[in-house]
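Listed below, chain by chain, are the residues.
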Amino acid sequence: MKKTKEVIIDTALDLFNSEGLSNVTLRTIANKMNISQGNLNYHFKKREDIIETLYFQLVEVMNSRITQVQIEESDTVLSSLMMNIHNTMAVFYEYRFFLLDFMQIMRENSKIKDHYVELTKEREKQFLAIFEQLIKFNLMRTEAVPNEFSYLFKRLTILGNFWISDAVIQNTKMSKKVVSTYSKMILQTLYPYLTSKGQKIFNSLNLDRSTEYSDTKHIQP
C-alpha cells in the first residue's frame with residue numbers, strides 16, 4: 001500500500017494533467033483524496049512543494065535514460081538515442097502538465113527555472129558527446145557550419161518542450177497515441193544529419209511497437 005505522501009503526489013499529478021495547474025489547489029487535491037487539507041499540509045506546506053517534487057522525480061527518470069545512451073560504445077548508439085527520445089516523450093506525456101504549463105511554472109518557481117537552465121546546459125554537453133559517438137561510428141556526418149550541432153540540440157529542446165501543446169490544440173481528444181506521431185516528427189529532425197549507414201538504422205526501427213507506456217503516473221527510473 002502506498003504511503004499518504006505518495007498518494008498525494010499521484011493524485012496531484014492526475015489533477016494537474018486533467019485540470020491544468022491554475023485550476024488545482026491544495027484543497028482540490030485534499031478533496032479528491034477525501035482527506036483534510038490539514039492532513040495534506042502535514043506532508044506538503046505549499047502547492048509549489050508538490051510541483052517541485054514532481055519536477056525532480058521527472059528529472060531523475062530523464063537522468064537515468066540519458067546515461068544509458070552515453071555508455072553505448074558501438075553503432076547501437078543511434079538506435080539507443082532514438083529509443084531514448086521516443087520513450088522520454090512517453091514519460092513526458094505522463095507528466096504533461098509541465099509542458100502545458102511550462103511558462104507559468106518557469107515564471108512562478110525560480111528554483112525549478114534555475115535548475116532547468118543549468119540542466120539544459122548539461123544536456124547540451126551530453127548530446128554533443130553523443131553526436132561525437134555517432135560520428136565516430138560513421139552514423140552521423142561532421143558539422144558543415146559552425147555550431148550546427150549545438151543549434152540542432154536547441155531545436156530538439158524547443159520541439160521537446162512544446163510538442164504537447166500543439167498536440168492538445170490539434171486533437172479534440174488526447175491519448176497516448178499522439179506520442180508515436182510526435183516522436184516520429186521530432187526524430188526526423190535528426191535524419192538529414194545521418195550518413196547512409198545511420199539512415200539505414202533509422203529506417204529499420206519500428207517505434208510504433210516499442211513505446212514504453214506506463215499505466216501508472218508514479219514512474220520510476
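Residues numbered from 1 in each chain as written. Predicted model: local features only at pLDDT ≥ 70, side-chain atom pairs only at ≥ 80, totals over all residues. Heavy atoms only, no water.

Before going further, it helps to spend a moment on unusual backbone geometry. Phi at Asn-34 takes a positive value of approximately 60°, unusual for a residue other than glycine. As for its placement among the helices and strands, Asn-34 is situated in the loop between helix H2 (26-33) and helix H3 (37-43). Overall, Asn-34 belongs to the exposed group, its relative accessible area being 71%. Residue Asn-147 is not a glycine yet carries a positive backbone phi of 65°. Tracing the sequence through the fold places Asn-147 in the loop between helix H8 (110-136) and helix H9 (148-170). (Helix = DSSP H or I, 4+ residues; strand = E, 2+ residues; numbered from the N terminus. Buried < 20%, exposed > 50% of the residue type's maximum accessible area, 1.4 Å probe, protein only.)

Moving on, we get to helix H1 (residues 4-19). Between its first and last C-alpha atoms H1 spans 22 Å; for 16 residues at 1.5 Å apiece the expected length is 22 Å, and the two agree. For H1, the complete set of buried residues consists of Ile-8, Ile-9, Asp-10, Thr-11, Ala-12, Leu-13, Leu-15, Phe-16 and Asn-17. Gly-20 sits one or two residues past H1 and shows a positive phi near 95°. (Expected span 1.5 Å × (residues − 1).)

Now for H9. The first and last C-alpha atoms of H9 sit 31 Å apart over 23 residues, in line with the 33 Å expected at 1.5 Å per residue. Where H9 bends most, the angle comes to about 45°, and this point is Phe-162. Packing partners of the buried residues in H9 comprise helix H5 (77-94), helix H6 (97-100), helix H7 (102-108), H8 and helix H10 (177-187). (Bend = angle between axes of the 7 residues up to and from the residue. Contact = heavy atoms within 4.5 Å.)

Moving on, we come to the packing of H5 against H10. Contact geometry of H5 with H10 gives a least axis separation of 9 Å together with a crossing angle of 140°. Taken together, the axes of H5 and H10 lie oblique to each other. Read as a crossing pair, H5 and H10 show a hand that is right-handed. Two secondary-structure elements touch here, H5 through Met-82, Ile-85, His-86, Met-89, Ala-90 and Tyr-93 and H10 through Val-178, Val-179, Ser-180, Tyr-182, Ser-183, Ile-186 and Leu-187. The residue makeup of the contact of H5 with H10, split by class, is 10 nonpolar, 3 polar and no charged. (Axes fitted to C-alpha atoms, helices over the stretch in contact; angles between N-to-C directions. Parallel < 35°, antiparallel > 145°, perpendicular 65-115°, else oblique. Left-handed = near helix turned anticlockwise from the far one by under 90°. Nonpolar A, V, L, I, M, F, W, Y, C, P; charged D, E, K, R; others polar.)

Formed by 68 residues in total, the largest nonpolar core has its most connected members in Phe-16, Ile-29, Ile-50, Leu-54, Phe-98, Leu-134 and Trp-163. The contact partners of Ile-29, leaving out residues within four places of it in the chain, are Ile-8, Thr-11, Ala-12, Leu-15, Phe-16, Val-24, Leu-40 and Ile-50. (Core = buried A, V, L, I, M, F, W, Y, C linked by side-chain atoms within 4.5 Å.)

Our next topic: the confidence of the model for the chain. With 91% of its residues at a pLDDT of 70 or more, the chain has an overall mean of 90. By mean pLDDT, the top-scoring element of the chain is H2 (97), and the lowest-scoring one is helix H4 (residues 47-70) (89). Per-residue pLDDT stays below 50 along residues 210-221; that stretch engages in 39 contacts with residues further than four places along the chain or on separate chains. (pLDDT = per-residue confidence, 0-100.)

Now for the packing of aromatic side chains. Summed over all chains, the structure comprises 12 aromatic pairs. Seen from their ring centres, Phe-102 and Tyr-116 are 5.4 Å apart, and the 80° between their planes marks the pair as edge-to-face. Of this pair, Phe-102 sits in helix H7 while Tyr-116 sits in helix H8, and the two are 14 residues apart along the sequence. Taken as a pair, Phe-102 and Tyr-116 share a single burial class, namely buried. With 5.7 Å between their ring centres and 65° between their planes, Phe-131 and Phe-149 make a pair best called edge-to-face. Of this pair, Phe-131 sits in helix H8 while Phe-149 sits in helix H9, placing them 18 residues apart in sequence. Accessibility assignment for this pair places Phe-131 and Phe-149 in one class, buried. Taken together, the ring pairs in this structure connect Phe-16, Tyr-55, Phe-56, Phe-97 and Phe-98 into an aromatic cluster. (Phe/Tyr/Trp six-rings, centres within 6.5 Å; stacked < 30°, edge-to-face > 60°.)

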